[in-house]
Each structure stands twice: as C-alpha cells, then as structure tokens.
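# Remarks on the overall topology
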Amino acid sequence: MLLVIIATMTRTIAIALSKGGVGKTTTAVNLAAGLAAQERRVLLIDTDTQGQAARSLGIRPKSGLYDLASGTAPGEVLEEARDNLYLLAGGESIARLKREFGQAEYNIERQLDELLTPLAPYFNYILIDNAPGWDTLAVNVLFAAREVLCPVTMETLGVQGLLDYQQRMERIGAAQLRYVLPTMKDVRRGQTGEFESQLRERFGAQFCEPIRVDVKVSEAPAFGQTIFEYAPSSRGSADYTRLVERILADEQEEDAVN
C-alpha cells in the first residue's frame with residue numbers, strides 16, 4: 001500500500017473509558033466512517049483483543065497493530081476498509097503486545113506513541129478504539145492521543161465510570177478529555193433526563209449531543225456495515241452525523257488543544 005503525506009497536523013483522538021458496554025467500538029467505527037466520508041483521511045486503530053472494529057467493517061485483516069510493533073512496514077499492515085478509511089486491526093495478538101510494552105526498559109507509557117508518530121503525516125485523523133480496563137496499553141493510548149472522547153451510558157455505573165476515568169486521566173497528565181458522548185439514550189428510562197442534565201452541567205462545552213437508542217446501530221456490525229451504510233435514514237445515522245459535524249467544527253481549535 002502506497003502512503004502519501006497529506007497532513008501538516010493530525011488529530012489523534014482516543015475513544016476510551018475503562019468501563020465496557022458503553023459503545024466505544026460502535027462510536028469509533030461510525031465516527032471514522034463519517035469523517036472519511038467528508039474527505040478526511042482516517043486511520044482507525046483497534047487496541048482490543050476481540051478485534052471488533054474489523055468485524056464491524058466487514059473485513060478480515062491478516063495483520064495489525066502487533067505486526068507494526070514487531071517491525072512490519074506500515075503499508076503491509078494497514079487495511080483499506082473504505083475510501084479514505086484505513087484500519088490497524090486488533091485481535092488476540094494484542095495480549096502479546098501488552099506484555100511486550102510492559103517489559104520495555106524505558107518510556108513504558110510511550111511505546112504506542114513512538115509507533116504511531118511516523119504515521120501521523122499520512123492522516124488527518126487517527127482514532128484509537130481503547131479496550132475496557134486500565135492496563136499498560138490503556139495508559140499508552142492516553143500518551144499517544146492528544147484528545148479523548150468518552151462514551152458514557154446514562155446510568156449510575158456509567159456516569160461513575162466516567163468520573164473515575166477522568167480522575168485517572170488527570171493523575172497521569174497525558175491526553176485531554178475533549179468530548180463526553182452519552183450513548184444509548186432511552187427516554188423511556190426514568191432517570192435518563194436527570195443524568196443528561198448532570199452531565200451537561202458538569203462538562204459544559206465537552207458535552208456532545210447524545211446518541212439515541214436505535215436497534216439499527218446494534219444490527220449494523222452483524223452485516224459488516226457502518227450505520228451510514230446499513231440504515232442511512234435512521235436516527236442512529238442522524239446522531240452520528242451530528243457527532244461528525246461536531247468534530248469537524250472543532251478542527252480550527254486544534255492548535256489551542258495541543
């Protein structure tokens with residue numbers, strides 16, 4: 001694969017939260033696809049052993065992030081998933097990558113950053129889909145990213161998970177929490193409005209308009225499609241389009257963020 005330098009500045013955004021089941025991969029895949037559709041060249045990186053990003057895009061990569069770390073050339077490990085959208089896959093080999101990062105003799109927390117820095121000029125956006133939990137690789141993601149988007153479910157455990165994660169981020173002093181994205185908004189649940197109000201008040205400009213519950217969003221990965229492909233007229237498609245527009249609107253502020 002031939003890579004062409006296109007960017008003088010690249011936004012590296014981690015989609016991250018220690019808690020599972022909040023829609024991180026769904027958000028990472030659909031945000032990446034939405035940005036790519038707007039003529040931005042996007043690299044999506046999956047750091048999870050489950051490798052769900054590839055399945056959600058309907059591809060079966062033969063290599064991925066671990067192979068890049070092992071010395072394979074970028075052009076041989078990046079999968080072109082859609083026009084303008086490339087994937088650096090996760091999968092079972094991520095477990096080995098975590099062990100190797102943990103055994104590094106120096107700059108343990110910057111191993112991923114060192115891997116990705118040479119790739120930045122080839123992309124407008126690098127999106128990192130972070131696995132649940134808090135380990136060496138999760139910390140590496142925060143040092144590799146410049147911004148963090150935290151999906152959060154509007155329930156007690158979801159909000160508490162977000163607040164705990166924010167505290168951990170602040171303690172290590174790496175990437176900046178830029179976006180808080182409520183997911184799976186269901187107005188039929190009595191406390192949804194209360195949690196949404198609390199998040200809006202606490203996070204202010206960091207708060208993103210919620211992604212509503214939509215069965216189409218849940219169905220799309222089974223067909224290897226993004227929500228824009230599977231159900232372009234759905235409310236899920238509308239909500240993720242709004243998120244893409246929010247991210248693009250903030251491009252001019254990137255100098256201030258970094």
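Please refer to the structure higher up on the page.
What you see is a predicted model, and the numbers here were worked out from it, not measured in a lab.

## Section: empty space enclosed by the protein
Considering all chains together, one arrives at 1 cavity of 30 Å³ or more under this definition. Counted as a void, the largest cavity has a volume near 50 Å³. As for the largest cavity, its lining consists of T26, V29, N30, S56, V217, A220, P221, Q225, T226 and I227. When residues of the lining of the largest cavity are assigned to their parent elements, the largest contribution, 3 residues, is made by helix α1 (residues 24-37). Of the residues contributing to the lining of the largest cavity, the split by class is 5 nonpolar, 5 polar and no charged.

## Focus on the environment of E155
As for its placement among the helices and strands, E155 is situated in the loop between β6 (147-153) and α8 (156-172). Overall, the relative accessible area of 26% leaves E155 in the partly exposed class. Spatially, the C-alpha atoms of E155 and A138 are 23 Å apart, while their sequence positions differ by 17 residues. Contacts of E155, omitting those with residues within four sequence positions, involve K19, R189 and F195.

## Side note on the pattern of salt bridges
The final tally for this structure, using the stated rule, is 13 salt bridges. As a salt-bridge pair, R82 and E229 come within 2.6 Å of each other at their nearest N and O atoms. Here R82, found in strand β3 (residues 79-82), pairs with E229, found in helix α11 (residues 227-230); they are 147 residues apart in sequence, far enough to count as distant. Its relative accessible area of 36% is what places E229 among the partly exposed residues. Where E209 meets R200, a salt bridge forms, and the shortest distance between an N and an O atom there is 2.9 Å.

## With respect to the packing of α1 against helix α12 (residues 235-249)
Between α1 and α12, the shortest axis-to-axis distance is 9 Å and the interhelical angle comes to 65°. Considering their axes alone, α1 and α12 lie roughly perpendicular with respect to each other. Classified by chirality, the crossing of α12 by α1 is right-handed. Note on element contacts: α12 touches α1 through Y240, L243, V244, I247 and L248, opposite T26, T27, N30, L31, G34 and L35.

What counts, and at which threshold
Residues numbered from 1 in each chain as written. Predicted model: local features only at pLDDT ≥ 70, side-chain atom pairs only at ≥ 80, totals over all residues. Heavy atoms only, no water. 1 Å grid on protein atoms, 1.4 Å probe; cavity = no way out; pocket = protein on both sides within 12 Å on 5 of 7 lines; lining within 4 Å. Points joined across faces, edges and corners; volume = space filled by probe spheres on them. Helix = DSSP H or I, 4+ residues; strand = E, 2+ residues; numbered from the N terminus. Nonpolar A, V, L, I, M, F, W, Y, C, P; charged D, E, K, R; others polar. Buried < 20%, exposed > 50% of the residue type's maximum accessible area, 1.4 Å probe, protein only. Contact = heavy atoms within 4.5 Å. Salt bridge = Lys/Arg side-chain N within 4 Å of Asp/Glu carboxyl O. Axes fitted to C-alpha atoms, helices over the stretch in contact; angles between N-to-C directions. Parallel < 35°, antiparallel > 145°, perpendicular 65-115°, else oblique. Left-handed = near helix turned anticlockwise from the far one by under 90°.

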